[in-house]
Amino acid sequence: MDQSYNILAKETKVDSLPYLQLYGYIVSLFQFTALYSLKLSCAVLVDLGKNPKLFSGIVLMQHRFTAIAAVASLSLLLSACSDDDEEVVLTPNATSSGIVSGFGSVYVNGLRYVTKDSSIIGNGSESSEEALKVGMKVVIKANQSADNDPTALEVKYLADAIGRIDAIDLAATSLSILGQTYFITSVTQFDEVIFNELREGMAIELSAFENANGSFTVTYLTTKDDFSEHQLSGTVSKLKTREKSFFIGSLVVNYGDAEVQGTLYDGSTVSLKSDIGLVSNEFIADEVTVQGMLLVVGGTLTVAGFVEDINKVEAGTVIELDGRNFLLTYESDFSQGDEENLRVGDQVSLVATVIDSELQSPYYPIKNIRVELANEISLEGIVEVIADESFTLFGQAFSVDNYTQYEDDSEQDLRYFNFANIAIGDRLAVDAYEVDGLLISRNIERQETGAIEGDSHDIEGVVDSIDSTLARFSVKGINVLTNEQTEFENAVGSDVDQATFFNTLKLNDEVEVEIIEIGGDWFALEVEIDSAEKDNDVELLGTVENYISRFNFTVNGHQVMTNIQTEFDNGSASDLANGVLIEVEGRIDSNGKLIAEEIEFIEPSES
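Each chain carries its own residue numbering, running from 1 in the written order of its sequence. The model is predicted, so local features are restricted to residues of pLDDT at least 70 and side-chain atom pairs to those at 80 or more, both for listing and for counting; the totals for chains, interfaces and linings are taken over all residues. Neither water nor hydrogens contribute to the side-chain values; these are computed over all heavy atoms in the structure.

A.B. asks: I'd like a description of the overall build of the chain, backed by residues and values.
C.D. replies: Looking only at helices and strands, the chain has 4 helices and 51 strands in total. Buried means the residue's accessible area, taken with a 1.4 Å probe over protein chains only, is under 20% of the maximum for its type, while exposed means over 50%, and partly exposed covers the values in between. Across the 607 residues of the chain, 48% fall into the buried class. Looking at the chain alone, contacts between residues at least 24 apart form 65% of all its contacts between residues at least 6 apart. Looking at the chain as shown, the accessible area adds up to about 28500 Å², and 47% of this sits on carbon and sulfur atoms. Note on conventions: DSSP H or I runs of at least 4 residues are helices, E runs of at least 2 residues are strands, and numbering of each starts at the N terminus. In what follows, a contact means two residues having at least one pair of non-hydrogen atoms within 4.5 Å. In this description, accessible areas are obtained by the Shrake-Rupley approach with a 1.4 Å probe, and a residue is regarded as covered only by the protein chains that are shown.

Written out as structure tokens, the structure reads:
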């Protein structure tokens, strides 16, 4: 156990260690050397020897013999450190909790953390940087200076859930594992799988942020061939020590026969392991580990997640995030968004100062906060121009910032793919939002290098101009023309003609458009208006199973039905049979069945 970091106890601040912990702290540095090196431990000891006020909260004389033993141990250890060791000062002074957005070393919460000599821990075992993926939620213990990128001393990844899918809600784009509901959004990064391919009983691993209502938003998801034990992480609430139970979200956890490492309390973050998982809707834990974080007084704590609660107090505004309380004051700086429009459920990242005493002041003052804005456009297109910090698709510039997430799904498959690797002719899929007239890229996925022009492209976004006379509109500055070949669909899902469509189209409507270039202009092949009435629209990708007739079969465990309005692409209804790979677009009816509006037959090489 890494006692010097107290990861199995409550969050520890080094100026408030109990009187009897100084000796244990020094002795634990022997264990620290096994993880980080003798030089680093010597650096900590030299700093302690030079600056005895570093642990000013310790009153040595109240425990004289413990103090003598501690000082003797300190002297002995210092004698083993050479003068050269004094130059190595890599004590942690910053903690960051957030999702990985890129590599070369590791980018988290808009910062690059140098990981050359870092300890990487994955699900409790020694790991490597290569095992980290974009979207994974990590905790970093770092040394941060004003002149250089922070150095990560430890990067720890802990899956929020490992288990089998209990149920899938196609309409809500959510799934349940171990009694918890996990939502799939534009934030979610998939690894070698997509939501449309998931099915009940699949073994998966995921990272997620907790929402205000006790559900979760998935940031990373991958499938697993198998697993030895169920794993679950979350924040403890409604702890009952006598009954040996507590809640994570809406799930009851029974730890009556579990091995508990650390001290449980409401608000503590824990990881759970179980051989059997759920019994009568209770999670039967075999192991419970309290996951504390090293918080250095005067240092910084960087956290990302979804706002769980907001309360006004005399000193300012208290925001609950990731189980902790953070204080907004007039000195807090908004790098994006503003306090007036901050809402429960917003995704934020913030930098706070670790205060002297959490007991006296139960929140962390916020230095800087960034509110993640909602996506306003999602599209795929070919890069036309590259500038210093932007690229152009369809004549519209898209900027990047330190929070942009990158992924390379092209044939190059670069792990360290970032803005510098984007080239003219690359086919990109981009999610973006607007700030002060600029479109900022949230996610960039490279699909192809040297893409073929003449292909159609998809755009989904907000209409910002309409010209009914010329039968054209624009989506966040991208001009789209229509003609007699364009297929139109209104907000209720009905096919309409061009005139009717433009009579109903309004500014700020969300539309989905398939476009193709003709003579230097972009024409719509298909365009439809999105609406709440289309919330039951779903897609599936998988093989036909349990085929009875064209009106009754399953895909990925979901019952699919066709009717006389169902359209077939690349085949016909007579081609439906067990084992055939198809993509289904349709709607969920009141009985929970998927009514197929369109079925496309997929060649195996295309999937």
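A.B. asks: Residue-level account of the packing of aromatic side chains, with values.
C.D. replies: The description of an aromatic ring pair rests on the distance of the ring centres and on the angle between the ring planes. Between the rings of Phe, Tyr and Trp (Trp by its six-membered ring), a pair exists once the centres lie within 6.5 Å; its type follows the angle of the planes, with under 30 degrees stacked, over 60 edge-to-face, and the other angles tilted. Counted under the stated rule, the structure contains 13 aromatic pairs. Summarising the aromatic geometry, the rings of F391 and F398 are spaced 6.0 Å apart at their centres and angled 15° between planes, so their arrangement reads as stacked. One exposure class covers both F391 and F398, and it is buried. Ring centres 6.4 Å apart and planes at 65° place the aromatic pair F488 and F502 in the edge-to-face group. Residue F488 is found in strand β42 (residues 487-489), and its partner F502 is found in helix α4 (residues 498-504); the two are separated by 14 residues along the sequence.

A.B. asks: Please give an account of the nonpolar core that cites residues and values.
C.D. replies: Put simply, a nonpolar core is a bunch of buried Ala, Val, Leu, Ile, Met, Phe, Trp, Tyr and Cys residues held in one set by side-chain atoms that sit within 4.5 Å of each other. L175, Y182, L206, L221 and F246 are the most contacted members of the largest nonpolar core, which has 50 residues in total. Not counting residues up to four positions away in its chain, the partners in contact with L221 are L175, I184, Q189, F190, D191, V193, L198, I204, E205 and L206. V383, F419, L428 and F502 belong to the second-largest nonpolar core, a separate cluster that totals 36 residues.

A.B. asks: Describe the side chain of T219, with residues and values.
C.D. replies: Within the element layout of this structure, T219 appears in strand β15 (residues 216-223). For the purposes of these results, a polar contact is taken to be a pair of N or O atoms within 3.5 Å, where, inside protein, one atom must be able to donate a hydrogen and its partner to accept one; residues adjacent in sequence count only when each atom of the pair is a side-chain atom. Only 2.7 Å separates the side chain of T219 from the backbone oxygen of G135, close enough to count as a polar contact. Other than its neighbours up to four places away in sequence, T219 contacts I99, G135, V187, T188, Q189, S207, A208 and F209.

A.B. asks: I'd love a proper account of empty space enclosed by the protein, names of residues and values included.
C.D. replies: A cavity here means a set of 1 Å grid points, computed over protein atoms only, where a 1.4 Å probe fits but cannot escape. A pocket is an open set with protein on both sides within 12 Å along at least 5 of 7 lines, and lining residues have an atom within 4 Å of a point. Grid points are joined across faces, edges and corners, and a volume is the space filled by probe spheres set on the points. Applying the stated criterion across every chain, the model contains 2 cavities of 30 Å³ or more. One number sums up the size of the largest cavity: a volume of about 500 Å³. Lining the largest cavity are 30 residues, with S97, K137, V139, T269 and D322 sitting closest to its centre. Those elements that provide at least two residues to the lining of the largest cavity are β7 (137-143), β8 (151-157), β14 (203-210), β16 (230-240) and β25 (300-306). For the lining of the largest cavity, the element with the most residues is β7, which contributes 4 residues. Only Asp, Glu, Lys and Arg are considered charged, only Ala, Val, Leu, Ile, Met, Phe, Trp, Tyr, Cys and Pro nonpolar, and every remaining residue, Gly among them, polar. Its residues assigned to classes, the lining of the largest cavity comprises 12 nonpolar, 9 polar and 9 charged. Taken as a whole, the second largest cavity spans an internal volume of roughly 240 Å³. Surrounding the second largest cavity, 21 residues form its lining, I99, Q347, E372, Y403 and Q405 being those nearest its centre. Residues of the lining of the second largest cavity, tallied by class, amount to 7 nonpolar, 10 polar and 4 charged.

A.B. asks: Tell me about unusual backbone geometry, and name the residues and values.
C.D. replies: That bond from G104 to S105 is cis: its omega, -15°, falls within 30 degrees of zero. Tracing the chain through its elements places S105 in the loop between β2 (94-103) and β3 (106-108). If you check the backbone angles, T173 has positive phi at about 45° while not being a glycine. For T173, a relative accessible area of 29% puts it in the partly exposed group. Positive phi values are uncommon outside glycine, yet N281 reaches one of about 65°. Of the residues examined, N281 reaches a relative accessible area of 65% and is grouped as exposed.

A.B. asks: Would you mind going over the environment of F195 in detail, with residue names and values included?
C.D. replies: For F195, the location among the structural elements is in the loop between β13 (189-191) and β14. The spatial distance from the C-alpha of F195 to the C-alpha of S174 is 8.9 Å, given a sequence separation of 21 residues. Apart from the residues within four sequence positions on either side, F195 is in contact with I168, D169, L170, T173, S174, I184 and F190.

A.B. asks: Got a sec to walk through a negative patch on the surface? Specific residues and values, please.
C.D. replies: In this analysis, a patch consists of residues with relative accessible area above 30% that form no salt bridge, clustered at 9 Å for like charges and at 5 Å for the nonpolar side chains Val, Leu, Ile, Met, Phe, Trp and Tyr. The working definition used for a salt bridge is a side-chain nitrogen of Lys or Arg within 4 Å of a carboxyl oxygen of Asp or Glu. His is not counted, nor are the chain ends, whereas Lys and Arg count as positive and Asp and Glu as negative. Where a charge lies is defined by one atom per residue type, namely NZ (Lys), CZ (Arg), CG (Asp) and CD (Glu). On the surface, a cluster of negative charge is contributed by D458, E460, E487, D495, E510, E512, E526, E539, E567 and E585. At the level of secondary structure, the elements contributing two or more residues to the negative patch comprise β39 (457-467) and β44 (510-518). Mapping E460 onto the fold places it in strand β39. For E460, a relative accessible area of 36% corresponds to the partly exposed category.

A.B. asks: Pulling in residues and values, what's your account of the environment of V193?
C.D. replies: In this structure, V193 sits in the loop between β13 and β14. We classify V193 as buried; its relative accessible area is 10%. Each C-alpha atom, one on V193 and one on T223, is 7.1 Å from the other, the two residues being 30 residues apart in sequence.

A.B. asks: I'd like a description of the pattern of salt bridges, backed by residues and values.
C.D. replies: Overall, the coordinates contain 23 salt bridges when judged by the stated rule. We note a salt bridge from D226 to R164, for which the minimum N-O separation is 3.3 Å. Note that D226 is positioned in the loop between β15 and β16 and R164 in strand β9 (residues 161-164), a separation of 62 residues in sequence. Across the pair R427 and E380 runs a salt bridge, and its minimum N-O distance is 2.9 Å. Of the two residues, R427 sits in strand β37 (residues 427-435) while E380 sits in strand β32 (residues 377-382), which places them 47 residues apart along the sequence. E380 matches R427 in its accessibility class, with the two residues each being buried. Connected via shared salt-bridge partners are R370, E372, D401 and R442.

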